[in-house]
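In case you want the letters, here they are:
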Amino acid sequence: MSAYAEEADLVVVNAKVATLDAGLRIQDALAVRQGRIAAIGNNAAIHTLIGPRTRVVDAGRRTVIPGLIDSHMHAVRAGLSYSVEVNWIDARTIAEAMSRLRTAADRSRPGAWLVVAGGWTEQQFEERRRPTLQEVLTAAPEHPVWIQLFYSGLLLTPKARESLGIAGDAPPPKMKAQLDAQGNPTGWLESEIIGLSALFDRLPKPTPADNLAGTRRLFAELNRLGITGVIDPGGFSLYPPQYRALQQLWRERALTVRVAFSLFAQNADSELADFQNLTQLLPMGFGDDMLKFNGIGERVTLAMYNNYAPDATTQEKFYEVLHWAAKAGMAVTIHWIDGKSLPVLLDIYERLNREVAITGLRWSIAHLDDVSAESLARMQSLGIGWTMQDSMYFAGDRVRAARGDAVQHMPPLMTAVRAGVVVGAGTDAHRVATYNPFIALQWMLDGKTVGGNPTRGLAEIPSRELALRFYTLNSAWFSFDEDKRGSLAVGKLADFAILDQDYFTVPVERIGRTVSLMTVVGGKVVYSAAPFAAPR
């Protein structure tokens, strides 16, 4: 055997390695061999694994964390158009947002669409308002422009209206014009998810080359923020062809983010037949550690989506799909926002569980900012996890105005932990939120909205370690991967990030500015910045 038969491919020394194993152990160094963690320990022990071919990284006492896993991100959809969209995520002023729009206009061919597809809120701007139609026209006068605010607001410039065949100030179907104090249209439209998504589908489609470039660019951006995995719940108008860019990167071994994806129901009244057809050669878990099938949802049937008082027929058709999924051993994730009506869903699940056990299938419910302790206890008894997002970071001011002190328990993070429910962290990006995990982590720890106002009370604030576990080990649970990733332990996949500041000690209000200086997926450096950037 060679003297260096056990040498590491990569070692990180002089670090603060937060393992997130059984306890929060802080170690000095780690070693990677063949894509997995080979050793963790003190500097002296890890130095014995350095050979002539080992890459040695001196972390300079920086913090190393397990790679972050977003348990609910629409990454596949976002990647399709990411390279041709204008991104307002983290813009701090309207002037900065308009500058980004103006830059995109200067770089685009004449008459090309400029699309801001969400991920921002007026509360992130110093002005605390939406941009006006005139401001948008000044920034991009020669282009059709689409500005989307979550799924509730849309601004279309005159050229955009003309291109879409929308006459004058008339609102599109399922939308209405926003009026100013004098009763005049502002240019903004009030919308909802179905109508807005249908209109979005009429925009010019990015090319396959755009899809590929956008997916690469988005995943590189996620790597910059320490993200090494996402659990993707599908989305509107995501049919098999929309997965080709993702699959091409997988075939080329060029994925830099691990993706576990589920199938989202697309067609009314044929959901069961569609799922059965799509999964004939796609059993639960099919794939590998970089890309795999993770069940169905978050829309299981169209009639149950955002329907919190379903009639008997709607429930029965929903139950039929669930019964098939349970018999097939599939995970199911469901979009459910309204906590008060959650017993309706849990009644269906409990009925199903009496016929086909679902307790080991790791079903999950997404959103649920106002779920009750009683419902959490029922979820725990069914083995159902909660994929929780930072929606209250953006919506908290509006919700506080409507519901008062109730926001102190929204979302009830620690109540869920005490109930024994597995909580995974995520963002629901990119149309309704930023994909930045450190903004979500900061929000978990201080309960403040994007406007800086407190909402969630101290009783529902987790520790920094627990919040990080939500984003790592707990999120891995939803794709049956907690034994493979989510913590740093010998034998696990070598997914980790070296941070630019110490997550555990930096003031809470600064956590949201954290970035990765080096991100590693399966032992491969997928992102690096000074002082760890590879020499050119």
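Residues numbered from 1 in each chain as written. Predicted model: local features only at pLDDT ≥ 70, side-chain atom pairs only at ≥ 80, totals over all residues. Heavy atoms only, no water.

Quick look at the overall build of the protein chain
Link 1 in the chain: Scanning the protein chain from N- to C-terminus turns up 17 helices and 23 strands.
Link 2 in the chain: What you see for the protein chain is a C-alpha radius of gyration of 23 Å, in line with the 24 Å of a compact globule of 536 residues.
Link 3 in the chain: Out of the 536 residues belonging to the protein chain, those deemed buried represent 57%.
Link 4 in the chain: The long-range share in the protein chain, meaning contacts at least 24 apart out of those at least 6 apart in sequence, stands at 72%.
Link 5 in the chain: Carbon together with sulfur atoms contributes 52% to the accessible area of the protein chain, which is approximately 21600 Å² in total.
Link 6 in the chain: Taken together, the 55 basic and 56 acidic charged side chains of the protein chain have centroids lying 4 Å from each other. (Helix = DSSP H or I, 4+ residues; strand = E, 2+ residues; numbered from the N terminus. Rg over C-alpha atoms; globule rule 2.2 N^0.38 Å. Buried < 20%, exposed > 50% of the residue type's maximum accessible area, 1.4 Å probe, protein only. Contact = heavy atoms within 4.5 Å. Areas by Shrake-Rupley, 256 points an atom, 1.4 Å probe, with all protein chains shown as cover. Lys, Arg positive; Asp, Glu negative; His and termini not counted. Charge placed at Lys NZ, Arg CZ, Asp CG, Glu CD.)

Side note on the sheet that holds strand β1 (residues 10–13)
Link 1 in the chain: Strand order across the open sheet formed by four strands is β5-β4-β1-β6, with mixed pairing between neighbours. Either end of the sheet is taken by a strand with one partner, and the two such strands are β5 (36–41) and β6 (55–58). On average, adjacent strands in this sheet sit at an angle of 15° to one another, irrespective of strand direction.
Link 2 in the chain: Of the pairings in the sheet, the one linking strand β4 (residues 29–33) to β5 comprises five bridges and is antiparallel in character. Each bridged residue has a counterpart across the sheet, and for Arg33 the counterpart in β5 is Arg36. (Pairing = 2+ DSSP bridges. Axes fitted to C-alpha atoms, helices over the stretch in contact; angles between N-to-C directions.)

A closer look at helix α3 (residues 94–107)
Link 1 in the chain: Between the first and last C-alpha of α3 there are 20 Å, a value that for 14 residues agrees with the 20 Å anticipated at 1.5 Å per step.
Link 2 in the chain: Among all positions of α3, only Ile94, Ala97, Met98, Leu101, Ala104 and Ala105 are buried. One face of α3 carries all of its buried residues, which in axial projection span an arc of 120°. Away from the buried face of α3 by more than 90 degrees, exposed residues Ala95, Asp106 and Arg107 are located.
Link 3 in the chain: Residues of α3 that are buried in the fold lie against β9 (114–116), α4 (133–139) and β10 (145–149). (Expected span 1.5 Å × (residues − 1). Arc of directions from axis to C-beta.)

Topic: the environment of Lys159
Link 1 in the chain: Secondary-structure assignment places Lys159 in helix α5 (residues 158–164).
Link 2 in the chain: Owing to a relative accessible area of 36%, Lys159 belongs among the partly exposed residues under this scheme.
Link 3 in the chain: Not counting chain neighbours up to four residues away, the residues in contact with Lys159 comprise Pro141, Glu142, His143 and Pro144.

Considerations on empty space enclosed by the protein
Link 1 in the chain: The full count for this structure, using the stated rule, is four cavities of 30 Å³ or more.
Link 2 in the chain: There is about 130 Å³ of room inside the largest cavity.
Link 3 in the chain: Lining the largest cavity are 17 residues; nearest its centre among them are Ile231, Asn294, Thr333, Ser364 and Phe478.
Link 4 in the chain: Elements with a minimum of two residues in the lining of the largest cavity: β14 (227–232), β15 (258–263) and β16 (291–296).
Link 5 in the chain: If you tally residues by element for the lining of the largest cavity, the top one is β15, at three residues. (1 Å grid on protein atoms, 1.4 Å probe; cavity = no way out; pocket = protein on both sides within 12 Å on 5 of 7 lines; lining within 4 Å. Points joined across faces, edges and corners; volume = space filled by probe spheres on them.)

With respect to the layout of surface pockets
Link 1 in the chain: Within this model, the second largest pocket holds a volume of roughly 1100 Å³.
Link 2 in the chain: Taken together, 41 residues form the lining of the second largest pocket, with Phe150, Ile337, Ser391, Ala395 and Arg398 sitting closest to its centre.
Link 3 in the chain: Of all the elements, helix α13 (residues 391–403) adds the most residues to the lining of the second largest pocket, at eight residues.

Quick look at the confidence of the model for the protein chain
Link 1 in the chain: The share of residues in the protein chain with pLDDT of 70 or more is 99%, and the mean pLDDT across the chain is 94.
Link 2 in the chain: Note that pLDDT drops below 50 for residues 1–5; the model gives that stretch four contacts with residues more than four away or on any other chain. (pLDDT = per-residue confidence, 0-100.)

Regarding the sheet that holds strand β13 (residues 185–190)
Link 1 in the chain: Read across the open sheet, the five strands follow the order β9-β10-β11-β13-β12; overall the sheet is mixed. What marks the edges here is a single partner per strand, and that holds for β9 and β12 (176–179). The sheet shows a mean angle of 25° between the axes of neighbouring strands, taken without regard to direction.
Link 2 in the chain: Here β12 runs beside β13; their pairing, made up of three bridges, is antiparallel. Bridging from a neighbouring strand, Leu179 pairs with Pro185 of β13.

Some words on the pairing of β10
Link 1 in the chain: For β10, the tally of buried residues reaches five of five residues, placing the bulk of the element in the interior.
Link 2 in the chain: Here β10 shows two buried faces, one formed by Val145, Ile147 and Leu149 and the other by Trp146 and Gln148.
Link 3 in the chain: For the segment spanning β9, α4 and β10, crossover handedness is right-handed.
Link 4 in the chain: The pairing of β10 with strand β11 (residues 153–156) spans four bridges and is antiparallel. Its bridge partner lying in β11, Ile147 is registered against Leu155.
Link 5 in the chain: Once β10 ends, the chain turns through three residues before running back antiparallel as β11, passing Phe150 with a positive phi of about 50°. (Right-handed = clockwise from strand over helix to strand, strands pointing away.)

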